[in-house]
Amino acid sequence: MAFQQQALPGGAFSTLYGRSDSTLLTRGVIRRHVDCDPGYPARVSLIDARIGDTVLLLNYTHLDVAFVDIHNAKPGCLAAQAVSDG
């Protein structure tokens, strides 16, 4: 079986855009300015963010269930979504 990477749903993160750093931190989100390439793969667009872009770093729960089959469990990933400096 081949591994296939899929983009995360962009709409799931729309409530984070335009929030202050302190508000983001209360939700476990960190804003970063990209300073290297590659280094910040955007999980929504599936491309690397460019130097100078702003990204949001957060944990994303892929499968939110009470029981997870240990044979199908995957480590949590850090999602980065490029956002404007607006």
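Residues numbered from 1 in each chain as written. Predicted model: local features only at pLDDT ≥ 70, side-chain atom pairs only at ≥ 80, totals over all residues. Heavy atoms only, no water.

Before going further, it helps to spend a moment on the overall build of the protein. Within the protein, the secondary structure is distributed over one helix and three strands. Traced from its N-terminal end to its C-terminal end, the protein shows the element sequence α-β-β-β. The proportion of buried residues among the 86 residues of the protein is 22%. When contacts within the protein are restricted to residue pairs at least 6 apart in sequence, long-range pairs at least 24 apart make up 50% of them. For the protein, the accessible surface area stands at approximately 6500 Å², while carbon and sulfur atoms represent 54% of it. (Helix = DSSP H or I, 4+ residues; strand = E, 2+ residues; numbered from the N terminus. Buried < 20%, exposed > 50% of the residue type's maximum accessible area, 1.4 Å probe, protein only. Contact = heavy atoms within 4.5 Å. Areas by Shrake-Rupley, 256 points an atom, 1.4 Å probe, with all protein chains shown as cover.)

Okay, the pattern of salt bridges next. Within this structure, the stated rule accounts for two salt bridges. The residue Arg31 makes a salt bridge to Asp21 at a minimum N-O spacing of 2.5 Å. Residue Arg31 is located in strand β1 (residues 30-33), and its partner Asp21 is located in helix α1 (residues 21-26); the two are separated by ten residues in the primary sequence. According to the relative accessible area criterion, Asp21 is partly exposed, its value standing at 46%. A salt bridge links Arg50 to Asp53, with the shortest nitrogen-to-oxygen separation between them at 3.8 Å. In this structure Arg50 comes out as exposed when scored by relative accessible area, which is 59%. (Salt bridge = Lys/Arg side-chain N within 4 Å of Asp/Glu carboxyl O.)

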